[in-house]
Amino acid sequence: MLSMPLKLSLAFNEHEYLSADVPAEAAEVIERQFARLTTKASREEFAEAMLKHLSRVLATFLEPDLRPPTEKQIAFAMALSRRLNVPIPREALMYKEAIEDFLSKYAYNSKSRASGTRS
């Protein structure tokens, strides 16, 4: 059993951070997993996998305009970018609202070109 509560913290800088106690049941499982990570490489691999999963979960708590685009949206935007020879704005790869703007702007243009009509 843990000698002190396990905390999860997100530090933005030395003065701004969010911190929360990890529930005891989850903390115990994490402690057992950590004990099995006996090498630096195994700890780094675990941390990377955990952060990848946490970033997806945390994204669901963000305000809608700050959420990341879906993999399908990115794939569609990349296909449009190649087909129409237009760059994808950096923000579109970061924010769902921005990629939706990009897709709205170019999806119709792509359909027009495919059907042979001009806009």
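One structure accompanies this document, and this report is about it.

## Things to note about unusual backbone geometry
Stage number 1. A positive phi angle is found at N85, which is not glycine, with a value near 55 degrees.
Stage number 2. Within the secondary structure layout, N85 lies in the loop between α3 (71-84) and α4 (90-94).
Stage number 3. Residue classification places N85 among the exposed positions, given a relative accessible area of 70%.

## As for the packing of aromatic side chains
Stage number 1. One pass over the structure, following the stated rule, counts 1 aromatic pair.
Stage number 2. On the basis of an interplanar angle of 50 degrees and a centroid distance of 4.8 Å, the ring pair of F102 and Y106 is categorised as tilted. Of this pair, F102 and Y106 both sit in helix α5 (residues 96-115), 4 residues apart, which is roughly one turn of that helix. There is no split in this pair, since F102 and Y106 are both buried.

## Examining the pairing of strand β2 (residues 17-21)
Stage number 1. Counting buried residues in β2 gives 0 out of 5 residues, a small share hidden from the surface.
Stage number 2. When strand β1 (residues 7-11) meets β2, the two strands line up antiparallel, connected through 5 bridges. For L10, the partnering residue across the bridge sits in β2 and is L18.

Calculation rules
Residues numbered from 1 in each chain as written. Predicted model: local features only at pLDDT ≥ 70, side-chain atom pairs only at ≥ 80, totals over all residues. Heavy atoms only, no water. Helix = DSSP H or I, 4+ residues; strand = E, 2+ residues; numbered from the N terminus. Buried < 20%, exposed > 50% of the residue type's maximum accessible area, 1.4 Å probe, protein only. Phe/Tyr/Trp six-rings, centres within 6.5 Å; stacked < 30°, edge-to-face > 60°. Pairing = 2+ DSSP bridges.

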